[in-house]
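# Breakdown of the fold
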Amino acid sequence: MRAKPFIKWAGGKRQLLPELRKLYPESFENYFEPFLGGGAVFFDLAPQHAVLNDINPAVTNLYQTIKDDAEGLIQLVSEIEEATPADKDEQKQYYYQLRSQFNEGLTSDTYDLKNAALFMVINHRCFNGLFRVNRSGEFNVPFNGSSRPSLSPENIHAAAESLANTEILTGDFVDACEKAKEGDFVFLDSPYAPLKFDSFTNYAKEGFGLEDHERLATLFRDLDARGCRVVMTNHDVPLIHQLYEGYSALVVPANRMINSNASRRAGSVEIIVRNWT
Ligand SMILES: C[S@@+](CC[C@H](N)C(=O)[O-])C[C@H]1O[C@@H](n2cnc3c(N)ncnc32)[C@H](O)[C@@H]1O
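Rules used in this analysis
- Residues numbered from 1 in each chain as written.
- Predicted model: local features only at pLDDT ≥ 70, side-chain atom pairs only at ≥ 80, totals over all residues.
- Heavy atoms only, no water.
- Helix = DSSP H or I, 4+ residues; strand = E, 2+ residues; numbered from the N terminus.
- Expected span 1.5 Å × (residues − 1).
- Bend = angle between axes of the 7 residues up to and from the residue.
- Polar contact = N/O pair within 3.5 Å; in protein donor to acceptor, adjacent residues only side chain to side chain.
- Contact = heavy atoms within 4.5 Å.
- Axes fitted to C-alpha atoms, helices over the stretch in contact; angles between N-to-C directions.
- Parallel < 35°, antiparallel > 145°, perpendicular 65-115°, else oblique.
- Left-handed = near helix turned anticlockwise from the far one by under 90°.
- UniProt positions renumbered as here; feature names shortened; annotations may be inferred.
- Buried < 20%, exposed > 50% of the residue type's maximum accessible area, 1.4 Å probe, protein only.
- Pairing = 2+ DSSP bridges.

## Focus: helix α3 (residues 57-82)
- Relative to the 38 Å expected for 26 residues at 1.5 Å per residue, α3 spans just 26 Å between its end C-alpha atoms, considerably shorter than the ideal helical length.
- At D69, α3 shows its largest kink, close to 115°.
- Between a side-chain oxygen at the N-terminus of α3 and the backbone nitrogen of A58 the separation is 2.9 Å; the capping residue is N56.

Printed below as a string of structure tokens:
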């Protein structure tokens, strides 16, 4: 079976897959995905060799753990889930206990099997699969009220197979693309530019500001010059048109996306930029 993303992730690209698939090169050497998140495109493309990266170590630790010890992860997640109380109020308390344990890992920089298993469970029990931390670096997303199982063992084993020939890195997107060369395929799915330009101050707090979007556009041009095939996605806003001027851009209206809903139709139209025609 083909593996599917195993975490819920804000900005996941599942909805855009029908459009992105049309741009997958027929053949390429290495695949690079430096903003991995839930990895919707990685799992859909199923490349032979890949370099995967995210700046969030909890995310990359989960991928690395699945690659190295899928069975260990499945076991530990099932132990954590079996200990879930039957009572709804107690389930809420249990979530906050798990969250505290997860935070012990984050604040002490301990990324291991336990942290991966806790992340897997918390990701499915927290509000909207969000990943938000406070000033002290503690994950602070509240309980979503659900205690459903967070994984399918078959999917985790399939994911481990897909990850067998990957290098998993934790860091900035520019470093992650250092080895990209002619014949490689690079998919860039950074955090979104805001729909209103003046919201950038808020975005910068979240960690991806105007300067980062400029660095990303510089990387796009650099990868183009190296002879890579490059695809990037973002909101269809003037800044993105300006930064990627001269490249082919496809604007994807909300009704061409799977599961498009009213809030998306209200304005968050996506743009896909590529470096070939
Ligand atoms: C829009 S999400 C990617 C979603 C992914 N394509 C999916 O299908 O789920 C952007 C990701 O970039 C990561 N990120 C943010 N700043 C970064 C940076 N400077 N370098 C690398 N990754 C970064 C975030 O942690 C997040 O996982």
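## Quick look at the side chain of N61
- Assignment of secondary structure puts N61 in helix α3.
- The residues touching N61, leaving out its near neighbours within four places in the chain, are Y111, D112, N115 and A116.

## Focus: the packing of helix α4 (residues 88-107) against helix α5 (residues 113-125)
- Contact geometry of α4 with α5 gives a least axis separation of 9 Å together with a crossing angle of 135°. As far as their axial angle goes, α5 and α4 are oblique. The chirality of how α4 crosses α5 is left-handed. For the pair α4 and α5, contact is made by Y94, Y95, L98, R99, Q101, F102, G105 and L106 and by K114, N115, L118, F119, V121, I122 and R125, respectively.

## Digging into the UniProt feature "binding site: S-adenosyl-L-methionine" (unreviewed entry) in the chain
- The UniProt entry lists W9, K13, D54 and D189 under the feature "binding site: S-adenosyl-L-methionine" (unreviewed entry), expressed in the numbering used here.
- On the secondary structure map, K13 appears in the segment before α1 (17-21).
- Judged by relative accessible area, K13 falls into the buried class, the value being 4%.
- Excluding residues within four positions of it along the chain, K13 makes contact with L20, A40, V41, F187, D189, Y192, T233 and E270.
- Within polar-contact distance, the side chain of K13 engages the backbone oxygen of G11 at 2.6 Å.
- Counting through the fold element by element, D189 comes out in the loop between β4 (185-188) and α8 (200-206).
- Residues within four places of D189 in sequence aside, it is in contact with G11, K13, F35 and T233.

## Observations regarding the side chain of H235
- As for its placement among the helices and strands, H235 is situated in strand β5 (residues 229-235).
- For H235, a relative accessible area of 7% gives the class buried.
- Of the polar contacts made by the side chain of H235, one reaches the backbone oxygen of A193; its length is 2.8 Å.

## Digging into the sheet that holds β5
- Pairing is mixed across the open sheet formed by seven strands, whose spatial order is β3-β2-β1-β4-β5-β7-β6. Looking along the sheet, the strands with just one partner apiece sit at the ends: β3 (166-170) and β6 (248-252). Pairs of neighbouring strands in the sheet enclose a mean axial angle of 15°, with direction left out of account.
- For β6 and strand β7 (residues 270-274), the ladder comprises five bridges, and the chain directions are antiparallel. The residue bridging A249 from the neighbouring strand is V273, located in β7.
- Across the face of the sheet, α3 comes into contact with β2 (50-54) and β3 while running at roughly 155° to β3.

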